[in-house]
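Chain by chain, the residues:
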Amino acid sequence: MSKQSFYLTTPIYYVNSVPHLGTAYTTVAADTLARYRRMRGDDVWFLTGLDEHGQKVEEAAAAADMTPQEWVDKLDVEFKDAWKMLTISNDQFIRTTDDEHMRGVQALVQKLYDQGDIYAGTYEGWYCVPDEAYWAESDLEPANEEGERICPDCNRPLKYVEEENYFFKLSKYEDALLEWYAADPDCIGPETRYNEVVSFVKSGLRDLSISRSNVKWGIPLPWDESHTIYVWFDALSNYITAIGYGDPARADQFAYRWPAQYHFVGKDIVRFHCVIWPAMLMAAGIEVPEHIYAHGFLLTKGEKMSKSKGNAQTPASLVERFSVDGFRYYFLRDVSFGNDGNISMESMVQRYNGDLANDWGNLCSRLFNMVDKYCDGEVPDPTVHEDEDEGARLKEIAATLPDCVEDRMSKLNYGAALDAIWELVKETNRYLEESAPWALANEEPTLPRMRAVLYNALEAVRIVALFTAPSMPNTSAEVFVRLSLGDIWKIDDLVEAAKWGQIPIGNAVIKGDPLFPRIVED
Ligand code: ME8
C-alpha cells in the first residue's frame, strides 16, 4: 500500500521574542498529530519555522542594538533549542530569510503583478506593528484620552501610515472565497471560526497593501526594489515555498505535497490564514489548503497569557518541573484544542501527580518490579494458564482503541483520545489490584495464573505506550526500551502493532527508575 502524503504546518513565529508557552502549545499539538499520522502509516511532512522580516523584528533588533540579521540568527538558535527540548519532530524548519524562500515569494508576487492582480496605489491609514496589520478608520473606535488610536485586536496603539504602496486585489476574490467556504464547511475549524470568517468576508473585502516603502528589513519587490514585501504576504507564502514553489528543481515535491492537509494557527491569526492566504493561492492558480484549524488562547486567571502582561511562564521552567512529557501531556489533556483554556500551576501539579505519577508511572513501576521479582525479569509465559477469560476486559478495551483514538484524533480532540487510552491504564491498575499477583506468586498451583496476569498487564502497558507515543514520545520510547521492544519510531502500522498478544515471551524487562516521580508541592 503506498503511503499518503500528510503535510502539516504551524505558524512561523515572529522572532521579536523567545519561544513562549503559546508558541510551544501550537508546536506540541502539531507534533503530536505528526507523530500519530506517521504511526498510522502516512508520509508526513511537518513544517515549522520563523517569520523573520518586518517592522516588528526590525524594531526588536534595534532595541537590542543589533542588526536585524544578527538578531534573527540569535533567535533562530533559541527556537531550535526550544523545539529540541520539547522533542518536536519537524521535518523542516523554514526561515523567511532563506534564499529559496525569498526567491519563491518574489516569483509569486511577480506572477500576480504580471497578471494584473497587483497594482500601485497610496495607503493612508493605521498600522499595528505588533500584529503587522492594517486597519481602516472605519474599523476603529474614536481616539482615546491620550489621543491614540487603538488596535481592535491587541489593544495596543496604532501608527498612522501614509505611503505609496502596491496593492493586491483581494476584493476580487470575495465571491470565490465565499464559494469555497460554502462548498467545504470543514475547511476552517472549529465552527465558531468558520462562522466568523464567513461573516467577515460577507461584510466586504478591501484590497490589501502588500508592500512597504518605509520598512527596509524585508524581501524587495522584484520590479521595484524601493519597496519590501508586506511581512504577512512574505510569511504566508512559506507554506508553499518550503516544499518547492517557484523552484523548478522541486516541482515534483511541490505537486506531491500540496495542498496541505492542515495549517494549525492560533485564533488571533485566522483572518490572515482563511482570507488573505487562500485568496493569494486562488490568484496564483494554486489549490487552497484542505484544513485550517485555529486553537484558542492559553489563559492564566482568565487573562490571555503574554510576556507583556508578565503572566507567562517559560517552557523551560515548566519542563524542569514537570518533564518534557509532563508538559506536553498537560496542555494536550487539559486544554481543549479549539477553545481557550485556563492553565494554572495547581492544575498542572494535579494532572501530573494524578494521571502520570499515580496512574501511568506507577503502573509501569509496580509491574516491572513484580516481573523482576517473580519472573526473573523476563516476560513470562502465559500459555500454561488456560482460563480464556483471564484479562478479558483489558483485551476488550485494547481492541476498541485503534478506532476510538482515530476518531478522536481526526477531530483533533487530543484530550478525549487520551481519555480513551486512560481507560486501559486504569483498568490495568484495577486488574493488578484485583488479581493480586503478589499473592498468586506465593503458591505453586497459582504460579501459571500469576504469569498470565503479569503477561496481560505487560501487554496492556505495551499497547498504552504505543497510543501515548505521539503525545509523550520520551516515555513511550523508554517503556519500549524497558520491555526490550526496539525502536518505537519504526512503527508505521499502529493498528497491526496494537493487536493483542505480541510481546515476545522471554523478553528482558528492566525495572528502571520511576517514569514520573511524584511532585511534592511547596
Ligand atoms: O503571528 N495562547 O507569529 P507569533 C495560545 N508570525 N497560543 C498562543 C498564545 C497564547 N496565549 N500566544 C501566541 C505570528 N500563541 C506570525 C505568524 S504564519 C504565516 C505567521 C501562538 O510569533 C498561536 O499559535 O505572534 C499564534 O497563532 C502564534 O503563537 C503567533 O505567533
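Residues numbered from 1 in each chain as written. Predicted model: local features only at pLDDT ≥ 70, side-chain atom pairs only at ≥ 80, totals over all residues. Heavy atoms only, no water.

Peer 1: Which parts of the structure should I look at to understand the overall build of the protein?
Peer 2: Looking only at helices and strands, the protein has 18 helices and 16 strands in total. With the C-alpha coordinates of the protein rotated into their principal frame, the extents come out at 90 × 55 × 40 Å. Expressed as a percentage of the 522 residues in the protein, the buried residues total 57%. Counting only contacts in the protein whose residues sit at least 6 apart along the sequence, the fraction spanning at least 24 positions is 77%. For the protein, the exposed surface amounts to about 22100 Å²; the carbon and sulfur share of it is 48%. Seen as two clouds, the 50 positive and the 85 negative side-chain charges of the protein have centres 2 Å apart. (Helix = DSSP H or I, 4+ residues; strand = E, 2+ residues; numbered from the N terminus. Buried < 20%, exposed > 50% of the residue type's maximum accessible area, 1.4 Å probe, protein only. Contact = heavy atoms within 4.5 Å. Areas by Shrake-Rupley, 256 points an atom, 1.4 Å probe, with all protein chains shown as cover. Lys, Arg positive; Asp, Glu negative; His and termini not counted. Charge placed at Lys NZ, Arg CZ, Asp CG, Glu CD.)

Peer 1: Would you mind going over the site of the ligand with me for this structure?
Peer 2: Neighbouring residues of the ligand: 24 residues in total, closest Ile12, Thr26, Asp51, Gly266 and Leu298. Ile12 is positioned such that a nitrogen or oxygen atom in its backbone is 2.8 Å from a nitrogen atom of the ligand. Gly266 places a main-chain nitrogen or oxygen 3.0 Å from an oxygen atom of the ligand. Against a free-state accessible area of 670 Å², the protein chains account for coverage of 94% of the ligand. Of all elements in the fold, only strand S1 (5–14), helix H1 (21–39), helix H7 (231–236) and helix H8 (238–241) reach the threshold of two or more residues within the shell around the ligand. At four residues, S1 tops the list of elements feeding residues into the shell around the ligand. By residue class, the composition of the shell around the ligand is 12 nonpolar, nine polar and three charged. (Near = heavy atom within 4 Å. Polar contact = N/O pair within 3.5 Å; in protein donor to acceptor, adjacent residues only side chain to side chain. Nonpolar A, V, L, I, M, F, W, Y, C, P; charged D, E, K, R; others polar.)

Peer 1: Sorry if this is basic, but what is going on with the sheet that holds strand S2 (residues 43–51) here?
Peer 2: Remark on secondary structure: sheet strands pair via backbone hydrogen bonds, oriented parallel or antiparallel. Pairing is parallel in the open sheet, where six strands are placed in the order S3-S2-S1-S12-S13-S7. The open sheet has two edge strands with one neighbour each: strand S3 (92–95) and strand S7 (188–189). Two strands pair when backbone bridges link them, and S2 and S3 are joined in this way by four bridges, in the parallel orientation. Across the sheet, the residue bridging to Leu47 is Gln92, located in S3. (Pairing = 2+ DSSP bridges.)

Peer 1: Is there a simple way to explain empty space enclosed by the protein in this structure?
Peer 2: Empty space left among the atoms is revealed by rolling a probe the size of a water molecule over them. Evaluated as defined, the whole model comprises three cavities of 30 Å³ or more. Each pocket or cavity is described by its volume, and for the largest cavity that value is around 80 Å³. Looking at the largest cavity, the residues that line it are Thr32, Tyr36, Leu332, Val405, Met409, Tyr414, Ala417, Leu418, Ile421, Phe467, Pro470 and Ser471. For the lining of the largest cavity, the elements supplying multiple residues, two or more each, are H1, helix H13 (392–410) and helix H14 (414–435). Its volume calculated, the second largest cavity comes out at about 50 Å³. Lining the second largest cavity we find Gly54, Gln55, Tyr127, Glu132, Arg212, Val215, Trp217, Gly218, Thr228, Ile229, Tyr230 and Val231. For the lining of the second largest cavity, the per-class residue count stands at six nonpolar, four polar and two charged. (1 Å grid on protein atoms, 1.4 Å probe; cavity = no way out; pocket = protein on both sides within 12 Å on 5 of 7 lines; lining within 4 Å. Points joined across faces, edges and corners; volume = space filled by probe spheres on them.)

Peer 1: Sorry, what's going on with the packing of helix H11 (residues 315–334) against helix H12 (residues 345–374) here?
Peer 2: Each pair of packed helices gets described by two things: the angle between the helix axes and the distance between those axes. Running from amino to carboxyl end, H11 crosses H12 at an angle of 90°, the nearest separation of the two axes being 10 Å. On the basis of the axis angle, H11 is roughly perpendicular to H12. Facing Leu318, Arg321, Phe322, Ser323, Gly326, Tyr329, Tyr330, Phe331, Arg333 and Asp334 of H11, the residues of H12 in contact are Met345, Ser347, Met348, Val349, Arg351, Tyr352, Asp355 and Leu356. When the residues that make up the contact of H11 with H12 are grouped by side-chain class, the tally is 10 nonpolar, three polar and five charged. (Axes fitted to C-alpha atoms, helices over the stretch in contact; angles between N-to-C directions. Parallel < 35°, antiparallel > 145°, perpendicular 65-115°, else oblique.)

Peer 1: Help me out: how do you make sense of the pairing of S1 in this one?
Peer 2: Every other side chain in a regular strand lies on the same face of the sheet, so the side chains alternate between the two faces. Most of S1 is tucked away, with 10 of its 10 residues classed as buried. Alignment of S1 against strand S12 (residues 262–266), held across two bridges, turns out to be parallel. Counterpart to Thr9 in the pairing with S12 is His263.

Peer 1: Sorry, what's going on with the side chain of Ser476 here?
Peer 2: Tracing the backbone shows Ser476 in helix H17 (residues 473–482). Overall, the relative accessible area of 1% leaves Ser476 in the buried class. Residues contacting Ser476, with those up to four places away along its chain left out, are Ala465, Thr468, Ala469 and Ile488.

Peer 1: Could you clarify how one ought to interpret the sheet that holds strand S8 (residues 208–209) in this entry?
Peer 2: An order of S5-S4-S6-S8 is seen for the four strands of this open sheet, with the pairing classed as antiparallel. Whereas interior strands pair on both sides, the edge strands pair on one side only; in this sheet they are strand S5 (133–135) and S8. Judged from the two bridges that link them, strand S6 (residues 159–168) and S8 form a sheet pairing that is antiparallel. Its bridge partner lying in S8, Phe167 is registered against Ser209.

Peer 1: Hey, could you run me through unusual backbone geometry in this one?
Peer 2: Note: most peptide bonds trans; most residues except glycine with negative phi. Cis rather than trans, the peptide bond between Gly189 and Pro190 has omega equal to -10°. The topology assignment puts Pro190 in the loop between S7 and helix H6 (191–202). Note the cis peptide between Trp258 and Pro259, where omega equals 5°. Examined against the element boundaries, Pro259 turns out to sit in the loop between helix H9 (251–257) and S12. Of note in the backbone geometry, Thr87 takes a positive phi value of approximately 50° without being a glycine. Residue position: Thr87 is located in the loop between helix H3 (68–85) and S3. Given a relative accessible area of 21%, Thr87 falls into the partly exposed group. Unlike most non-glycine residues, Ser323 shows phi in positive territory, near 70°. Given the relative accessible area of 28%, Ser323 is considered partly exposed.

Function-wise, these values are silent; they only describe arrangement.
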